[in-house]
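Okay, here's what each chain looks like letter by letter:
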Amino acid sequence: DIGVTGVQTCALPIYRELAAFERELEAAHARMMEASKISSEVSKRYEAMRPPEPAEIPRPAGYEELWKTITVGQIGMLPADHQIVVWMRETEERRLAIHRKHSAKCRRLSRKCGVDVAEANFDKRVDELWKIAHRIFATQAHTIDGMKIKFRTVDRLEIKQDNNLEDAWASLEKDIRALKVA
């Protein structure tokens, strides 16, 4: 039994470590928010320049309402000589070529605008934030102030309804049980 004074003496370096992690988390959060802002701006620029969807190949007349509700499974049930099935079969390659050409144009423009780089940078910043958060949750808090850091970490991560909360709650439960023993 190390007593209250012993717990307080042990707790100070650990609290300092948690406080340092929290400062790292705040800095990482600021970098993530900046990366998010840049990614959003780049995406908006891309969307403003994105080529319009190509015109569709005219569909068979007389089926306007059916086209709005029919599913792929229902089309598969139509007879092979049905006008819709014939149209799909005869235009499949052309429709696919149009789609591929449009998609390629969009990918080139997206790269030119820097969307992929901005998104990769944002993902990197999110990963950085979570690594620090996991270090916080892995560190035993021996004081209420240390536990408050963990609660603020949950708030900073904005994880309200997420499986990732399990780490936070398990960590806090361990901290509370340790305080109860001391």
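Residues numbered from 1 in each chain as written. Predicted model: local features only at pLDDT ≥ 70, side-chain atom pairs only at ≥ 80, totals over all residues. Heavy atoms only, no water.

(A) Molecular detail of the confidence of the model for the protein chain. Summarising the model, the protein chain shows a mean pLDDT of 86, and 89% of its residues fall at 70 or more. Note on residues 1–7: pLDDT under 50 across the span, and 4 contacts to partners over four residues away in sequence or across chains. (pLDDT = per-residue confidence, 0-100. Contact = heavy atoms within 4.5 Å.)

(B) Inspection of a negative patch on the surface at higher detail. A cluster of acidic residues, Asp-116, Glu-119, Asp-123 and Asp-127, forms a negative patch at the surface. One can find Asp-127 in helix α5 (residues 115–138). (Patch = residues over 30% accessible without salt bridge, like charges linked within 9 Å, V, L, I, M, F, W, Y side chains within 5 Å. Areas by Shrake-Rupley, 256 points an atom, 1.4 Å probe, with all protein chains shown as cover. Salt bridge = Lys/Arg side-chain N within 4 Å of Asp/Glu carboxyl O. Lys, Arg positive; Asp, Glu negative; His and termini not counted. Charge placed at Lys NZ, Arg CZ, Asp CG, Glu CD. Helix = DSSP H or I, 4+ residues; strand = E, 2+ residues; numbered from the N terminus.)

(C) Just the side chain of Thr-139, in detail. Within the secondary structure, Thr-139 sits in the loop between α5 and α6 (144–157). Discounting chain neighbours no more than four positions away, the residues touching Thr-139 are Ile-14, Glu-17, Leu-18, Phe-21, Lys-150, Ser-171 and Asp-175.

(D) Spatial organisation of the pattern of salt bridges. Following the criterion strictly, the structure yields 10 salt bridges and no others. Residues Glu-22 and Arg-152 are paired through a salt bridge, measuring 2.6 Å at the closest nitrogen-oxygen approach. On the criterion of sequence distance, the pair formed by Glu-22 in helix α1 (residues 3–49) and Arg-152 in helix α6 is long-range, its members being 130 residues apart. In this structure, Glu-26 engages Arg-156 in a salt bridge whose closest nitrogen and oxygen atoms are separated by 3.0 Å. Placement of Glu-26 in helix α1 and of Arg-156 in helix α6 is noted, with a sequence separation of 130 residues between them. Classification of Arg-156 by relative accessible area gives partly exposed; the value is 27%. (Buried < 20%, exposed > 50% of the residue type's maximum accessible area, 1.4 Å probe, protein only.)

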